[in-house]
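Residue-level listing of the chains:
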Amino acid sequence: MFVNFIRNNKVAAGVLAFLRIYIGYQWLTGGYGKIAGGNFDASGFMQGAIASASGEHPAVQGWWATFLETFALPNAELFSFMVMWGELLVGLALIIGIFTNFAALMGITMNFAFLFSGTVSTNAQMVLITVFILVAGYNAGRFGLDRWVVPFLKAHNPKQKHRNEAATV
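Residues numbered from 1 in each chain as written. Predicted model: local features only at pLDDT ≥ 70, side-chain atom pairs only at ≥ 80, totals over all residues. Heavy atoms only, no water.

**With respect to the overall build of the chain**
Now for step 1: Each helix and strand counted, the chain has nine helices and zero strands in total.
Now for step 2: Sequence-ordered secondary structure for the chain, helices as α and strands as β, is α-α-α-α-α-α-α-α-α.
Now for step 3: By residue count, 34% of the 169 residues in the chain fall in the buried class.
Now for step 4: Across the chain, the fraction of contacts at a sequence separation of at least 24, relative to all contacts at a separation of at least 6, is 73%.
Now for step 5: Here the chain carries 10 positive and 7 negative side-chain charges, and the mean point of each set is 24 Å from the other. (Helix = DSSP H or I, 4+ residues; strand = E, 2+ residues; numbered from the N terminus. Buried < 20%, exposed > 50% of the residue type's maximum accessible area, 1.4 Å probe, protein only. Contact = heavy atoms within 4.5 Å. Lys, Arg positive; Asp, Glu negative; His and termini not counted. Charge placed at Lys NZ, Arg CZ, Asp CG, Glu CD.)

**Side note on the nonpolar core**
Now for step 1: Counting residues in hydrophobic clusters, the biggest one holds 19 residues, and the most contacted among them are I23, W27 and L94.
Now for step 2: Sorting the residues of this core by element identifies helix 2 (10-37), helix 5 (76-96), helix 6 (100-116) and helix 7 (123-136) as the ones contributing at least two each.
Now for step 3: Among the nonpolar cores identified, the runner-up in size contains eleven residues, and A42, A49, A65 and A72 belong to it. (Core = buried A, V, L, I, M, F, W, Y, C linked by side-chain atoms within 4.5 Å.)

**Describing a nonpolar patch on the surface**
Now for step 1: Nonpolar side chains collect at one region of the surface, where L78, F81, M82, W85, L89, L92, I96, L145 and W148 lie side by side and expose about 890 Å² of accessible area between them.
Now for step 2: Structurally, the position occupied by L92 is in helix 5.
Now for step 3: Given a relative accessible area of 41%, L92 falls into the partly exposed group. (Patch = residues over 30% accessible without salt bridge, like charges linked within 9 Å, V, L, I, M, F, W, Y side chains within 5 Å. Areas by Shrake-Rupley, 256 points an atom, 1.4 Å probe, with all protein chains shown as cover. Salt bridge = Lys/Arg side-chain N within 4 Å of Asp/Glu carboxyl O.)

**Things to note about the UniProt feature "transmembrane region" (unreviewed entry) in the chain**
Now for step 1: The UniProt feature table records "transmembrane region" (unreviewed entry) at residues 88-108 and 114-138.
Now for step 2: Secondary structure within residues 88-108 divides into 86% helix and 0% strand; the distance between the first and last C-alpha atoms comes to 14 Å.
Now for step 3: Secondary structure within residues 114-138 divides into 68% helix and 0% strand; the distance between the first and last C-alpha atoms comes to 27 Å. (UniProt positions renumbered as here; feature names shortened; annotations may be inferred.)

**Details of helix 5**
Given 3.6 residues per helical turn, the α-helix brings residues three or four places apart onto the same face.
Now for step 1: Between its first and last C-alpha atoms helix 5 spans 30 Å; for 21 residues at 1.5 Å apiece the expected length is 30 Å, and the two agree.
Now for step 2: Along helix 5, the positions that sit buried rather than exposed are A76, F79, S80, V83, M84, G86, E87, L88, V90, G91, A93 and L94.
Now for step 3: Structurally, helix 5 contributes buried residues whose contacts are with helix 2, helix 3 (43-51), helix 4 (62-72) and helix 6.
Now for step 4: G97 lies just past helix 5 and shows a positive phi near 70°. (Expected span 1.5 Å × (residues − 1).)

**As for the environment of P58**
Now for step 1: By the secondary structure assignment, P58 is in the loop between helix 3 and helix 4.
Now for step 2: Distance in space between the C-alpha atoms of P58 and I95 is 36 Å, their sequence separation being 37 residues.
Now for step 3: Look past the residues within four positions of P58 in its chain and what remains in contact with it is S52 and A53.

The structure is reproduced here in structure tokens:
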């Protein structure tokens with residue numbers, strides 16, 4: 001019943017638009033600050049997370065620390081680029097409501113990466129709100145550009161046209 005409400009109700013779409021814009025603003029300002037600062041480097045963050053994986057009560061799981069140490073840290077420049085621009089683009093997409101579900105999915109992926117790395121901050125709150133956006137599906141972008149983009153893409157999808165032609169035969 002609740003899922004039906006959040007996925008179809010126009011009042012819920014209005015509340016979701018507010019939440020979507022709030023989360024988008026958080027991502028946009030975070031990414032813009034990193035880009036405008038000009039010297040963002042994620043390697044220090046990664047090294048701190050790796051160091052938090054030891055001790056009696058580690059804040060970071062060993063498997064995640066191994067991933068950071070063996071893959072992410074050697075590619076810190078790439079990861080720094082992806083974090084900066086990922087935050088900015090996710091924020092922009094959520095604010096204007098375009099490709100809302102994909103943007104929310106990428107945002108929650110970053111939130112989990114930060115949580116896995118031992119950072120709490122506002123990430124847990126952002127995950128919770130983003131779950132509502134993801135569950136709502138199309139309704140979360142109803143009051144945004146998705147209102148026009150999603151129907152356009154569905155109408156111009158070659159697979160959808162093939163299904164429509166097959167149904168009329």
